[in-house]
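Listed below are the residues making up each chain.
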Amino acid sequence: MYLIPARARAIALPGLLAVISASGLARADACGDAAMPIHQVQGQREQSPLAGKTVTVEGVMTLDTRYRGGFGGFYLQQSDATADDNPATSEGLFIYTRNNQGKVGEQVRVTGQIKEFHGLTEMVRVNSLKTCGTAPLPAPVPLTLPWHANPERFENMRVAFSQPLTIIDNYLLGRFGEITLAVTDPVIATEYAAPGSHNPAGAVEYDTITLDDGHSSRNPTAIAWLSTLSEARAGNQVQDLTGVLDYRFGQWRLQPEQAPGFIIRNPRPPAPEKGPGNLRIMSLNLQNYFNGNGQGDGFPTPRGADSLTAFNAQTQRLVRAVQMAAPDVLAVTELENDGYDEDSAAAELARALGASWRLVKTPGMDGSDAIRNVLLYRKDTVSPARPADRPAPGGFTYSGRPPLAQDFLVNGRGKPLRVVVTHFKSRSCRNASAKNRDQHDGQGCFNGRRIASAQAMMTWLSQVAAKAGSAPTLITGDFNSYSREQPIAHIESGGYTNLLPHFHPCTPAQCSHYSYRYRGRRGNLDHALASSSLLPNITRAVSWNINADEPPMTGYRQSPMQQGPWRASDHNPIIVDINTGL
């Protein structure tokens, strides 16, 4: 329940004030004269009953945004002594004006026209603004999340959140200087529940508030309330949130009066330790690794780095991530599809990883997409048992990014281990039609195509087994499907176990291992699935949270000087350790 300060009724009769005209106020326009109470301007509905009318109001300036890049106005609130006791009406108003008179903590009298601006009640066309001396700030209204009612009744008022809130989205931090906060850090529903299922008892209520920087300009160079970018990792908490409750760009926002405090609940993690005698396989979406012409030129690239500096930063972070994780086999997606010669992106990545790294090559069979899937391996720990397999061109459904399979021998002996890397169609709705449109079951667009890709891949793997013999198999990569969605279910029906949910199952309120974060929800788009013959030898399966929770503004394009492995990509790598006694 909200706690609202006790308020006395306005000294003048509301009914009388409601009919005072602007001309009448002009004859009595001194500080303290009759004025329209702000709660009458706001009214009890989302839109002001006085929209389009010219009125005079008087109150205390609580926050000033009349600075370069600000909102071009200030927030005015009725003093506590003159506020009404109706909990359905707000006591605050945004005054849009270039007039620079007045400052926070002063009583201000202002005349102008009331307007609804994209959901925000404000005063515009200000023709009179007078300062009336200092005044105590109205006490902030204590608030909590989730919202139990429309917060419209607190619009433009001083508020204070009485609990620490969790960062669930930092995607727009670098573009607009904002982060999204909620009580809990929610999990995407299809990570733990079947698509289309409805389970209100297990749903997470996570109404949000946006912590803003008080600026309307894009791409801020600094954010006043942020000391270090690592504080803004999703999963961390923010406390001491006091400011004005604002509504802009379709969201409720807090414009803070002072820098809040950050609680590090989700610190940057070290690399998972690798047990003795284990073989480690690491899967990672590279977030479009394109190397220009391979000779230091050819930037910007179609999908990846826009400069050589950004590309070098991308390479440094990826290499650092691989070095720290120390895999023996690296399965990558979103690598430029430009062959295998010395100037190719694949060859450049292999060189950057070091002299012990080799590429699995399938010239002419890498598909028609701009990106492809590739396997790399350390020649000092594993070796190919036979030539790699890819579906023949034209012989695989949706062959734009065909899967790749390679059998490896560990230290040149024992049974082969088959590693498969794949990358299914994205969830983006661009060009989606018919059954590939969003079916509103939680699986996004192109789910039909992803199901068909899963079916085709399983058929192809049966053909590989018929040709080369069965082998313990690990299928990994970016499936663009969460754990309980139909494409993953189809692979599981073929006798495979999805390792992250197997070792670390997610619930509506908890998910310790995930690879991706989208619009405030987390889950696994990247997976590692083990055949029944391989499962007993799996000793560890984890995601390493170096990317998904980092603010995108720390990425290689926006912050090329930052050192890796942080935000080497937008997906967390999946790491699987295997007992080598196959």
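The shown structure was predicted, so the numbers you read here are calculated from the model rather than taken from an experiment.

Draft legend 1. Broad picture of the packing of helix H5 (residues 308-325) against helix H6 (residues 345-353). Packing of H5 against H6 leaves a shortest axis separation of 10 Å and a crossing angle of 55°. As judged from the angle between their axes, H5 and H6 are oblique. The two elements H5 and H6 meet at a crossing, and its hand is right-handed. Here Phe311, Thr315, Val319 and Val322 of H5 come into contact with H6, specifically with Glu348, Ala352 and Leu353. The class makeup of the residues in the contact of H5 with H6 is 5 nonpolar, 1 polar and 1 charged.

Draft legend 2. Representation of the confidence of the model for the chain in the model. Taken residue by residue, the chain gives an average pLDDT of 92. The fraction at 70 or more is 93%. Throughout residues 1-28 the model reports pLDDT below 50, and contacts reaching past four residues in sequence, or to other chains, amount to 54 contacts. The low-confidence segment residues 199-205 (pLDDT under 50) makes 9 contacts with residues lying over four places distant or belonging to another chain.

Draft legend 3. Looking closely at the environment of Arg413. Structurally, the position occupied by Arg413 is in strand S21 (residues 413-423). On a C-alpha basis, the gap between Arg413 and His504 in space is 32 Å, while along the polypeptide they are 91 residues apart.

Draft legend 4. Quick look at the pairing of strand S8 (residues 165-169). Counting buried residues in S8 gives 5 out of 5 residues, a clear majority hidden from the surface. Both S8 and strand S11 (residues 237-239) contribute to a ladder of 2 bridges, which runs antiparallel. Bridge pairing links Thr166 to Gln237 in S11. In this structure, S8 lies alongside strand S9 (residues 179-182), joined through 3 bridges in antiparallel fashion. Looking across to S9, one finds that Asp169 is bridged to Thr180.

Draft legend 5. Local environment of the pattern of salt bridges. Under the criterion given, the structure shown has 28 salt bridges. In this structure, the salt-bridge partner of Asp366 is Arg390, at a minimum N-O distance of 2.9 Å. Of this pair, Asp366 sits in the loop between strand S17 (357-359) and strand S18 (371-378) while Arg390 sits in the loop between strand S19 (382-384) and strand S20 (404-410), and the two are 24 residues apart along the sequence. Here the residues in one salt-bridge network are Arg386, Asp389, Asp407, Arg418 and Lys467, joined through shared partners.

Draft legend 6. Representation of the sheet that holds strand S22 (residues 473-478) in the model. Here we have 6 strands laid out as an open sheet, ordered S19-S20-S21-S22-S26-S23, and mixed in their pairing. At either end of the open sheet lies a strand with only one pairing partner, and these are S19 and strand S23 (496-498). Going from strand to strand, the sheet's axes swing by 30° on average, the running direction of each strand aside. Relative to strand S26 (residues 526-531), S22 runs antiparallel, the two sharing 5 bridges. Paired with Ile475 across the strands is Leu529, a residue of S26. Each of S20, S21, S22 and S23 is contacted by helix H7 (residues 447-468), which is oriented at about 155° to S21, the strand it contacts most.

Draft legend 7. Spotlight on the state of the cysteines. Per the stated rule, a full pass over the model turns up 3 disulfides. Disulfide pairing places Cys31 opposite Cys132 at an S-S distance of 2.0 Å. Linking Cys31 and Cys132, the disulfide has an S-S dihedral of approximately -75° and is accordingly described as left-handed. Separated by 101 residues along the polypeptide, Cys31 in the loop between helix H2 (22-26) and helix H3 (38-42) and Cys132 in strand S5 (residues 120-134) bring together distant segments of the chain. Relative accessible area serves as the criterion here: at 24%, Cys132 is assigned to the partly exposed category. Here Cys429 is linked by a disulfide to Cys445, with a sulfur-sulfur distance of 2.0 Å.

Rules and cut-offs
- Residues numbered from 1 in each chain as written.
- Predicted model: local features only at pLDDT ≥ 70, side-chain atom pairs only at ≥ 80, totals over all residues.
- Heavy atoms only, no water.
- Axes fitted to C-alpha atoms, helices over the stretch in contact; angles between N-to-C directions.
- Helix = DSSP H or I, 4+ residues; strand = E, 2+ residues; numbered from the N terminus.
- Parallel < 35°, antiparallel > 145°, perpendicular 65-115°, else oblique.
- Left-handed = near helix turned anticlockwise from the far one by under 90°.
- Contact = heavy atoms within 4.5 Å.
- Nonpolar A, V, L, I, M, F, W, Y, C, P; charged D, E, K, R; others polar.
- pLDDT = per-residue confidence, 0-100.
- Buried < 20%, exposed > 50% of the residue type's maximum accessible area, 1.4 Å probe, protein only.
- Pairing = 2+ DSSP bridges.
- Salt bridge = Lys/Arg side-chain N within 4 Å of Asp/Glu carboxyl O.
- Disulfide = S-S within 2.5 Å.

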